[in-house]
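# Analysis of the macromolecular model
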Amino acid sequence: MATDLIEIDCEQPSSRAIEQAAAAIRRGEIVAIPTDALYTLVCDPLNLHAVRRIYEAKGRPAERALPLLVSDVVMAEELAKEVSPRFYLLARRYWPGPVTIIMSASSRVPLKVTGNTGRVAMRQSTSKVANALLERLAQPLIATSANLSGQPTCTRGIEVFGVMDGHIDLVLDGGLATGTGATTVDITEPYWRVIKEGAIPEKEIAEVLKGS
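Residues numbered from 1 in each chain as written. Predicted model: local features only at pLDDT ≥ 70, side-chain atom pairs only at ≥ 80, totals over all residues. Heavy atoms only, no water.

### Looking at the packing of aromatic side chains
Heads up, the rule is: Working definition: rings of Phe, Tyr and Trp (its six-membered ring) pair if their centres are within 6.5 Å, and the pair is stacked with planes under 30 degrees apart, edge-to-face with planes over 60 apart, and tilted otherwise. Burial status follows relative accessibility: with a 1.4 Å probe on protein chains alone, a residue under 20% of its type maximum counts as buried, one over 50% as exposed, and anything between as partly exposed.
The full count for this structure, using the stated rule, is two aromatic pairs. Where F87 meets Y88, the ring centres are 5.2 Å apart and the plane angle is 70 degrees; that geometry is what we call edge-to-face. A relative accessible area of 0% places F87 in the buried class. The structure contains a cluster of three or more aromatic residues connected by ring pairs, namely F87, Y88 and W95.

Laid out in structure tokens, this is it:
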């Protein structure tokens, strides 16, 4: 399988490039895009063939869930089994932005996407490329770091191409992506916890969720 590469302007993504990427995703293919959190692999979470391929492309263990990008709070509500006040506190403060929120998944989310945990991690990005794709497809997207599992996330489109050539279908090359990884917060338990600290420090999350 040959991987295609298309140059894209991260600030003003062309409708043609977005449509090519959207068409690939509709076909069950895997696309790498620049986001506000480095380069990301995206595909259709409702297409189990695409889900299996993204695990294989990264060499990612099947028990590790795949995060989702959503277009807004409403889309996140539809994907969550129940929505707690903690979710709204975090989403109102940080979305769109660098906080990923883990919640119990609704039946709309395939169990395979959750790594058979029944939990789903969701984020609304500030990336114009990601949001243009979400708008075009009107559905959530799997969004996992563009790398082989355990290796550093790629910061340039050409780097993604070099690492993932033959494993994914398309790279949207927007040059250097300098974003910091998102902070991941699990709010499914009686006590919330930071799974991975990124752009937002745990101390700030604690302040936002104080008393919740």
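### Some thoughts on the side chain of S125
What counts here: Secondary structure elements follow DSSP: runs of H or I of four or more residues count as helices, runs of E of two or more count as strands, with numbering from the N terminus. It only takes one pair of heavy atoms within 4.5 Å for two residues to be counted as in contact.
Note that S125 resides in the loop between β6 (119–123) and α5 (128–137). Assessed through its relative accessible area of 1%, S125 is described here as buried. Aside from chain neighbours lying at most four places away, what touches S125 is D36, L69, P96, A130 and N131.

### Brief notes about the environment of T153
Mapped onto the secondary structure, T153 falls in the loop between β7 (141–145) and α6 (157–164). Considering only alpha carbons, one finds T153 and L111, 42 residues apart in sequence, at a separation of 25 Å. Beyond its immediate sequence surroundings of up to four residues, T153 is in contact with L38, Y39, S145, A146 and N147.

### Things to note about the sheet that holds strand β4 (residues 68–69)
For sheets, the rule is that strands pair by backbone hydrogen bonds, running either parallel or antiparallel. This is how the line gets drawn: Strand pairing is defined by DSSP finding a minimum of two bridges between the two strands.
Strand order in this open sheet of ten strands is β1-β8-β2-β3-β7-β4-β6-β5-β9-β10, and the pairing throughout is mixed. Bordering the open sheet on either side are β1 (4–7) and β10 (193–196), each of which pairs with just one other strand. Judged from the three bridges that link them, strand β9 (residues 183–186) and β10 form a sheet pairing that is antiparallel. By the bridge assignment for β10, D186 is matched with R193.

### Digging into the pattern of salt bridges
What counts here: Salt bridges are defined as contacts in which a side-chain nitrogen from Lys or Arg sits within 4 Å of a carboxyl oxygen from Asp or Glu.
Tallying each qualifying case throughout the model produces twelve salt bridges. Here D169 makes a salt bridge to R53, at a shortest N to O gap of 2.9 Å. On the criterion of sequence distance, the pair formed by D169 in the loop between α6 and β8 (170–173) and R53 in helix α2 (residues 48–58) is long-range, its members being 116 residues apart. A salt bridge links R119 to D186; its shortest N-O distance comes to 4.0 Å. You can see R119 sitting in strand β6 and its partner D186 sitting in strand β9, a full 67 residues away along the chain. Judged by relative accessible area, which is 2%, D186 ranks as buried.

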